[in-house]
Amino acid sequence: MAEDLFRYDLMVENALRGVVRDALLRAVEHGLPGNHHFYLTFKTRAPGVEIPSYLVERYPDEMTIVLQYQYWNLEVEDRRFSVMLSFNDVRERLLVPFEALSGFADPSVQFGLQFQDSSAAGSGDSDPDPTPPDGGGDAPADGGTGEVVSLDHFRKKK
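Residues numbered from 1 in each chain as written. Predicted model: local features only at pLDDT ≥ 70, side-chain atom pairs only at ≥ 80, totals over all residues. Heavy atoms only, no water.

Concerning the overall build of the protein
Here is the rule: Only DSSP runs of H or I covering at least 4 residues are called helices, and only runs of E covering at least 2 are called strands; the numbering of each starts at the N terminus. Burial classification: accessible surface area is computed with a 1.4 Å probe over protein chains only, and a residue below 20% of its type maximum counts as buried, one above 50% as exposed, and the rest as partly exposed. Any two residues having at least one pair of non-hydrogen atoms within 4.5 Å are treated as being in contact. For every accessible area listed, the method is Shrake-Rupley and the probe measures 1.4 Å; residues are considered covered only by the protein chains on display.
Regarding its fold elements, the protein presents two helices and eight strands. The N-to-C order of helical and strand elements in the protein reads α-β-α-β-β-β-β-β-β-β. Here the protein, with 158 residues, has 41% of them falling under the buried criterion. When contacts within the protein are restricted to residue pairs at least 6 apart in sequence, those whose partners lie at least 24 apart make up 57%. Counting every atom, the protein has about 9,700 Å² of accessible surface; 49% of that belongs to carbon and sulfur.

Written as structure tokens, this is what we have:
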């Protein structure tokens, strides 16, 4: 089989990370209107992630944060975002590269994306889930589960 020089799977994944970047940029510019809120799941030990060490200890693999009512100083750059959130009444700054994301959801419109772990690309070992931890969060009023887009069928099999 010929070597895939284009790596369409990676191009699609990068484009979908751009959707998250654009959604965050809109939140910076306009806030989160109505019931919009974001669940962002990321690998806590991924390169470039900067979070307090006690959070890495508590969430050694993945962590899901919620941007809804109480977040501050959301900043979005080309390759990463940062935000301040409160943990036990202490504000902490989190810096997360888009490459570290494993999931994104906006349950208010039943939209979700999940991303392949960039360090395990093509291995099939990762099964990220952008749903809220412990079943928390808002369930759609119609009982639907939202739409999660999986990129597995676009990936090159090894």
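Section: the sheet that holds strand β4 (residues 80-87)
Using the following cut-off: When DSSP locates at least two bridges between a pair of strands, those strands are taken to pair. Lines fitted to the C-alpha atoms define the axes, with helices restricted to the stretch that makes contact. Angles between their N-to-C directions range from 0 to 180 degrees.
In spatial order, the strands read β3-β4-β5; together these three strands make up an open sheet with antiparallel pairing. Strands at the two margins of the open sheet, each flanked by one partner only, are β3 (72-76) and β5 (90-97). The sheet shows a mean angle of 20° between the axes of neighbouring strands, direction not considered. Sitting on the sheet, helix α1 (residues 8-30) touches β3 and β4, and the angle it makes with β3 is about 135°.

A look at the side chain of His37
Along the polypeptide, His37 turns up in the loop between α1 and β1 (38-43). Overall, the relative accessible area of 1% leaves His37 in the buried class.

A short note on the pairing of strand β6 (residues 101-106)
Within β6, six of the six residues are buried, which leaves the element mostly enclosed by the surrounding structure. Pairing between β1 and β6: four bridges, direction antiparallel. Residue pairing in the sheet places Tyr39 in a bridge with Ala105 of β6. Pairing geometry for β6 and strand β7 (residues 111-114), over four bridges, is antiparallel. Pairing of Phe104 across the sheet is with Leu113, part of β7. Between β6 and β7, which pair antiparallel in sequence order, lie four residues; one of them, Gln110, sits at a positive phi of approximately 55°.

What to know about the nonpolar core
Rules: To form a nonpolar core, buried Ala, Val, Leu, Ile, Met, Phe, Trp, Tyr and Cys residues must be joined to one another through side-chain atoms within 4.5 Å.
Core analysis: the largest hydrophobic core is formed by 32 residues, its most contacted members being Leu24, Leu40, Phe42, Leu67 and Phe81. Counting residues per element, the ones that place at least two in this core are α1, β1, α2 (53-58), β2 (62-67), β3, β4, β5 and β6. Examining the composition of this core, we find that five residues originate from one element, α1, more than from any other. Setting aside chain neighbours within four positions, we find Leu67 in contact with Leu24, Leu32, His37, Phe38, Leu40, Leu74, Val83 and Leu85.

Details of the pairing of β5
On a regular strand, one side chain projects to one face of the sheet and the next to the other, so that they alternate. Here β4 pairs with β5 via eight bridges, running antiparallel. Its bridge partner lying in β5, Leu85 is registered against Glu92. Here β4 folds back onto β5, and the loop between the two strands holds two residues, one of which, Asn88, carries a positive phi near 55°.

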